Amino acid sequence: MMERLQKVIANCGVCSRRKAENLILEGKVTVNGQVVQELGTKVSEKDRIEVSGKVLEKVQPVYFLLNKPRGVVTTVSDDKNRKTVVDLIETEERIYPIGRLDYDTTGVLLLTNDGEFSNLMMHPSKQIEKVYVAKLNKTIHKEELIQLKQGVLIDNTRARADRIKLRKVNSDGTCIVELTIHEGKNHQVKKMFESVGFLVDKLKRERVGFLTVGNLKSGEYRALTPKEVHQFYALAKKK
Ligand code: URA
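Along every chain, residues carry numbers that run from 1 in the direction the sequence is written. At least 70 in pLDDT is required for a residue's local features to be given in this predicted model, at least 80 for side-chain atom pairs to be given and counted, and no such filter applies to totals for whole chains, interfaces and linings, which use all residues. Hydrogens and water molecules were not included; the side-chain quantities draw on all heavy atoms of the structure.

Colleague: Which parts of the structure should I look at to understand the overall build of the chain?
Modeller: Numbering of helices and strands runs from the N terminus; a helix is a DSSP stretch of H or I covering at least four residues, while a strand is a stretch of E covering at least two. The helix and strand tally for the chain stands at 6 helices and 16 strands. By its C-alpha atoms, the chain is 70 × 35 × 35 Å across when sized along the principal axes. With a 1.4 Å probe rolled over the protein chains alone, any residue whose accessible area is under 20% of its type maximum counts as buried; one over 50% counts as exposed, and the rest are partly exposed. Buried positions account for 46% of the 239 residues belonging to the chain. Here the analysis covers contacts within the chain between residues at least 6 apart in sequence; of these, 61% occur between residues at least 24 apart. As used throughout, the charge tally considers Lys and Arg to be positive and Asp and Glu to be negative, leaving His and the chain termini uncounted. By convention, charge coordinates are those of NZ in Lys, CZ in Arg, CG in Asp, or CD in Glu. Placing the 43 positive and 31 negative side-chain charges of the chain at their respective mean positions leaves the two points 4 Å apart. The contact rule is simple, with two residues in contact once any of their heavy atoms fall within 4.5 Å.

Colleague: Looking at this structure, I do not really get the sheet that holds strand 3 (residues 34–35). What am I missing?
Modeller: Pairing between sheet strands relies on hydrogen bonds along the backbone, with the strands arranged either parallel or antiparallel. Pairing is antiparallel in the open sheet, where 4 strands are placed in the order 3-2-5-6. With one partner strand each, in any of the chains shown, strand 3 and strand 6 (54–55) form the two edges of the open sheet. Two strands qualify as a pair provided that DSSP identifies no fewer than 2 bridges between them. By the bridge criterion, 2 bridges tie strand 2 (residues 29–31) to strand 3 in an arrangement that is antiparallel. Bridging from a neighbouring strand, V31 pairs with Q34 of strand 3.

Colleague: What is the right way to read the nonpolar core from this model?
Modeller: When a protein is soluble and globular, its nonpolar side chains tend to lie buried together. Buried Ala, Val, Leu, Ile, Met, Phe, Trp, Tyr and Cys residues that are joined via side-chain atoms within 4.5 Å together make up what is termed a nonpolar core. Within the largest apolar cluster, 33 residues are counted, with the highest numbers of intra-cluster contacts made by L111, L136, I140, M192 and F193. Among the elements that line this core, the one with the most residues is strand 14 (residues 175–181), at 4 residues. Per the annotation, domain bounds derive from an automatic or database assignment of domains. Taken domain by domain, the makeup of this core includes at least three residues from each of domain 2 (63–124 + 211–237) and domain 3 (129–208). Each residue touching M192, except ones within four places of it in the same chain, is listed here: L148, V152, I154, A159, R160, A161, L179 and I181. In this structure, L65, L110, V208 and L224 belong to the second largest nonpolar core, which totals 18 residues.

Colleague: Teacher, can you tell me more about the domain arrangement of the chain here?
Modeller: In many analyses, interface size is given as the accessible surface area lost on bringing the parts together. Looking at the chain, the domain boundaries give domain 1 (3–55), domain 2 (63–124 + 211–237) and domain 3 (129–208). For domain 1 and domain 3, the distance between their C-alpha centroids amounts to 43 Å.

Shown next, in the form of structure tokens:
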């Protein structure tokens, strides 16, 4: 299959597609020994590509869904030597998480080695829905739910819930709220609730796009099916 040079470079995890385009324009990319500076150039599996003098290793794109447990960091390596989400997955490929869940947040987390897929999933304009379920330290009322829906200020930018609903009020006064957002600002959900006077005791990401953890137990993972990968591409491209 013939593919655009910048896409092939980005897919190998060397850099983003934008960066790959710059490398091509700067004359740092060769195909079968020839410098190529045309952005539209198509290449196949058989072509030998070098970027800044290094042969591009073809990597098999892989995609995983992890039911992230508490007490695991969402990075590739941790300077405090804590367990990372990547440690939980057995693979030869150099995978990384798509976006971030806090140390104590659980639920749906995707990991991949495919730069293009990761960029697509993370881009706020793609508006891939993320559904969170939060346990709050006290009962929330209609006014605060409306405020969160209309938008609150966190770190000087506006953040709003696409949908929000109170699922349950517990006998101890705490409550369970379901909140849907499509952005991924740092600690967004906790900060949104904090902005209206609530603390999040527990947080779970229940869904990303059409994907839930299904039967996966905490800490378990599975590969995405090719159909699911296509579905995510289709979902992101529609936006
Ligand atoms: N928002 C948060 O506050 N924490 C998460 O882990 C994810 C979203």
